[in-house]
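Chain and residue survey
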Amino acid sequence: MSYKRYWVALAIVIIGSFAVLGGVGRKMISEAPPIPDVYNTDGQLLFTGSSITDGQGVWQSIGGQEIGTVWGHGAYVAPDWSADWLHRESEILLNTWAVRAGAVNFEALGPDQQAIFKARLIREMRTNTYDAGRNRVTLSADRAAAFQQLRAYYTDVFATGRSAYAIPSGALTNAAKQHQLAAFFWWTSWACSTDRPGSGTTYTNNWPHEPLIGNEPTSGAVLWSVLSFVGLLAGIGGLVWWYASQEKELVHGPYPEKDPFLALKPTPSQRATLKYFYVVVILWGVQILMGVLTAHYGVEGLSFFGFPLAKYLPYAVTRTWHLQIAIFWIATSWLATGLYVGPAVSGHEPRYQRLGVNALFGALILVVGGSLAGEWMGIQQRLGNMWFWFGSQGYEYVDLGRFWQILLFIGLVLWLVLMVAALKPALVRKSEDRSLLILFLISSIAIPLFYSAGLMYGQRSHLVTAEYWRWWVVHLWVEGFFEVFATVVIGFLFTRLKLIEIRTATKAALFSTSIFLSGGIIGTFHHLYFAGATPAVIGLGAIFSAFEVVPLTLIGYEAWENIRLAQPTKKSPWIANYKWPIYFFVAVAFWNLVGAGLFGFLINPPISLYYVQGLNLTPVHGHTALFGVYGMLGLGLTLFCLRALMPGRKWNETPLKLSFWSLNFGLIFMVIFSMLPVGLLQAWASIEHGTWYARSSEFMQSGSMQTLRWIRVPGDILFAIGAALFAWFVLGLLTGHSYSKEVQGGTDASLHDSEDRTLALAGR
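Residues numbered from 1 in each chain as written. Predicted model: local features only at pLDDT ≥ 70, side-chain atom pairs only at ≥ 80, totals over all residues. Heavy atoms only, no water.

Notes on the overall build of the chain
A tally of helices and strands in the chain yields 26 helices and seven strands. Residues classed as buried in the chain amount to 61% of the 764 residues present. Taking contacts inside the chain between residues at least 6 apart in sequence as the whole, the part at least 24 apart equals 78%. Surface accessibility of the chain: about 28,300 Å² in total, with carbon and sulfur atoms responsible for 65%. (Helix = DSSP H or I, 4+ residues; strand = E, 2+ residues; numbered from the N terminus. Buried < 20%, exposed > 50% of the residue type's maximum accessible area, 1.4 Å probe, protein only. Contact = heavy atoms within 4.5 Å. Areas by Shrake-Rupley, 256 points an atom, 1.4 Å probe, with all protein chains shown as cover.)

So, the pattern of salt bridges
Counting across every chain of the model gives 13 salt bridges. For the salt bridge of R134 with D131, the shortest nitrogen-to-oxygen distance reads 3.1 Å. Taking the relative accessible area as the measure of exposure, D131 reaches 29% and is therefore partly exposed. Note that E467 is salt-bridged to R470, the shortest N-O span being 2.7 Å. Here E467 and its partner R470 are both found in helix α15 (residues 463–496), three residues apart, which amounts to about one turn of the helix. On the basis of relative accessible area, E467 is assigned to the buried category, the value being 2%. Using a relative accessible area of 0% as the deciding quantity, one classes R470 as buried. What emerges from the salt-bridge pattern is a single network uniting E66, R319 and E396. (Salt bridge = Lys/Arg side-chain N within 4 Å of Asp/Glu carboxyl O.)

Examining helix α22 (residues 654–689)
Compared with an ideal rise of 1.5 Å per residue, which puts 36 residues at 52 Å, α22 spans 51 Å between its outermost C-alpha atoms and is within 8% of the ideal. Along α22, the helix axis deviates most sharply at V671, where the bend reaches about 40°. (Expected span 1.5 Å × (residues − 1). Bend = angle between axes of the 7 residues up to and from the residue.)

Some words on the pairing of strand β1 (residues 37–40)
Bridge analysis of β1 against strand β5 (residues 136–139) gives four bridges, and the strand direction is parallel. Along β5, the bridge assignment pairs Y39 with T138. Strand direction decides the pairing type here: β1 and strand β2 (residues 45–47), joined by two bridges, are antiparallel. Within β2, the position partnered with Y39 by the bridge is L45. Once β1 ends, the chain turns through four residues before running back antiparallel as β2, passing G43 with a positive phi of about 85°. (Pairing = 2+ DSSP bridges.)

Digging into a nonpolar patch on the surface
A cluster of nonpolar side chains, contributed by M386, W389, F390, F403, I406 and I410, occupies part of the molecular surface with about 500 Å² of accessible area. Counting only elements with at least two residues in the nonpolar patch, the list comes to α12 (387–390) and α13 (402–428). It is α13 that contributes the most residues to the nonpolar patch, three residues altogether. Considering the arrangement of structural elements, one finds W389 in helix α12. (Patch = residues over 30% accessible without salt bridge, like charges linked within 9 Å, V, L, I, M, F, W, Y side chains within 5 Å.)

Considering unusual backbone geometry
In this chain, W207 is followed by P208 through a cis amide linkage whose omega measures 5°. Positioned with a positive phi, Y352 is a non-glycine residue whose angle comes to about 65°. Along the chain, Y352 turns up in the loop between α10 (315–346) and α11 (353–379). A positive phi angle, near 60°, is found at Q381, a position not held by glycine. Within the secondary structure, Q381 sits in the loop between α11 and α12. Judged by relative accessible area, which is 28%, Q381 ranks as partly exposed.

Thoughts on the environment of K424
Along the polypeptide, K424 turns up in helix α13. Relative accessible area serves as the criterion here: at 55%, K424 is assigned to the exposed category. When the C-alpha atoms of K424 and G523 are compared, they prove to be 34 Å apart, with 99 residues separating the residues in sequence.

Regarding empty space enclosed by the protein
Applying the stated rule across the entire model yields seven cavities of 30 Å³ or more. Considered as a void within the structure, the largest cavity measures approximately 220 Å³ in volume. Of the residues that constitute the lining of the largest cavity, the class distribution is 15 nonpolar, two polar and no charged. In this structure, the second largest cavity spans a volume of roughly 60 Å³. (1 Å grid on protein atoms, 1.4 Å probe; cavity = no way out; pocket = protein on both sides within 12 Å on 5 of 7 lines; lining within 4 Å. Points joined across faces, edges and corners; volume = space filled by probe spheres on them. Nonpolar A, V, L, I, M, F, W, Y, C, P; charged D, E, K, R; others polar.)

Comments concerning the nonpolar core
Ranked by size, the top nonpolar core spans 245 residues in total, and within it W81, F158, W186, W284, W329 and W477 carry the most contacts. Examining the composition of this core, we find that 23 residues originate from one element, α15, more than from any other. Those residues in contact with W81 that sit more than four places away from it in its chain are W59, I67, G68, T69, V70, Y154, V157, F158, Y165, I167 and F185. Judged by nonpolar contacts, the second largest core, of six residues, contains L232, L239, V549 and F601. (Core = buried A, V, L, I, M, F, W, Y, C linked by side-chain atoms within 4.5 Å.)

Shown next, in the form of structure tokens:
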């Protein structure tokens, strides 16, 4: 069967989309907010552009996006420093002018005088005094005085700490660095409040919402949001129309009477992958623990039920580890699956393949352990000027130091070499599954390729440059090509079980990849609406991120197809062995619709994200999409490979059943009854009063918000129970307690000593 039209469509999507992403991205970076020297009207230098860049480094070194947010990107306990500085500076100016007018403060003025001073504030804050020829911004005497007041305030915040912000005492004590940090915060606020030359909007497209200076949504944000709704409906209608027009292909012939994997003896390299899956479970457990601590810091700030934990493990560290370990364990499960699938699809075990798999495992342990230790030392200010290389870069999801980042990239390249070596014999054969193999190879190449985007910025790169490339890693690597890779892997596993036809799996993989990437690549821009981007980013991000939701509307069909595949028949009772791995794939489909689709589209339109960027609706999407989709997929792949590596003996599935439902209902509970209400209340506060208020300790530490945080506890406990049961089951594959006394029919003699064989596998 020819798949030419599918390949042509995929090529057009990839080439066209990256042309747009690269071209618009280049313009965005070239027109980023300048980093000027700053003077007052008397010609006195307040700080240089180099001080701003140095201050960005100081911010990164103490946790960066893991301790508050800048331009709405980062953690959710401390304020957004850009919005916070902007509001505080505005209030200082209004009160200064009111006192000169003879009033106690601005609030004591009459409505007419307040209106006059507000108009003056808008003119003062939004007028761009940047001189490109001299790379200089000139501030009025009042704004220069406001800077000095705020510098003292933020010095105190980071020197003495703030429980409400989860910032411990002594987070930053160096006077020079405190001054540089203040300069950086001022610059991020200046970009939010100053009109871009030739435009009536700020460098951040009028974000954050700040009524005092007239920061309101742009007309483009409103228009493109409406058009994205229309585009979503049109896309759904077109996809359903196309899908209904296709002739449905049925699986020919009955399913095999015996498990096809029984006839496949695991190769040495496949056996060597087993330890990866046990590391997945260990890392997942540590990640959950860090999540518990991180969530609790939102309540107590610096303690864990009275114990002063922040002295040893501050919030910035626990959140860094929580996110970084999530990437590690999910990626490990997918990469290990690839190493298992390679020899399975080609029937070839390359020379030294097991050595390569073991070497890669050692590199994984080194990178994970080294990067986590470095992040702790860097945030604790124990690495000096080497924080960028060995500590924490301070950027969400790519926090690990550059040295560890490079080692991880080298490890991914080694993984690709192992994949190519295993797949090469199958690729040269002109077999029916060749197209699926080629797509598998392309997605494998994309994994190290798109991770390398995280190496495209340096220690002193402009914040806009770093954000642009960071989202290549987060969106295109984690959410994009890894998903393509997983789709193809699942297709291969089902075809090897002879549950679906190769041509069906190939068409489905090519079609879904084309549809997903048609919105997903350019949809990267929806993360960059307000990150110093040009207005074109809003239009492209709005439309194409809406298209990302389109294929998810048919996800229910995929779920039911998987459920049907998991149902045993009289002639093929062995299919029941794969019930729970397949049910985890069903959960992936569910959370794809809910987490990536519904909760993603809740925040993705520009008019929505304008008000909720940096608020708790973002982690609602993050938890349900990152764990619900990618985490569940990683667990499903782990179970599938463990089942294939140890075929024949019946599992005691009770722990898996309880784990599956505990994980899913725990996630539902924590999101619906806690995180979502917190996010919605914050959205109301942001719309009503401004972004600064939605992130303020006054609002976030109110009684109702604290109650909603505590309501999350039952869901967290249920989720943790599910994780513990999953770990107990996987451990039981080593000890034997996860096996049923009943043995499946149709097995060979080797299965009677499967416990000993399992122990032998785990040791290699």
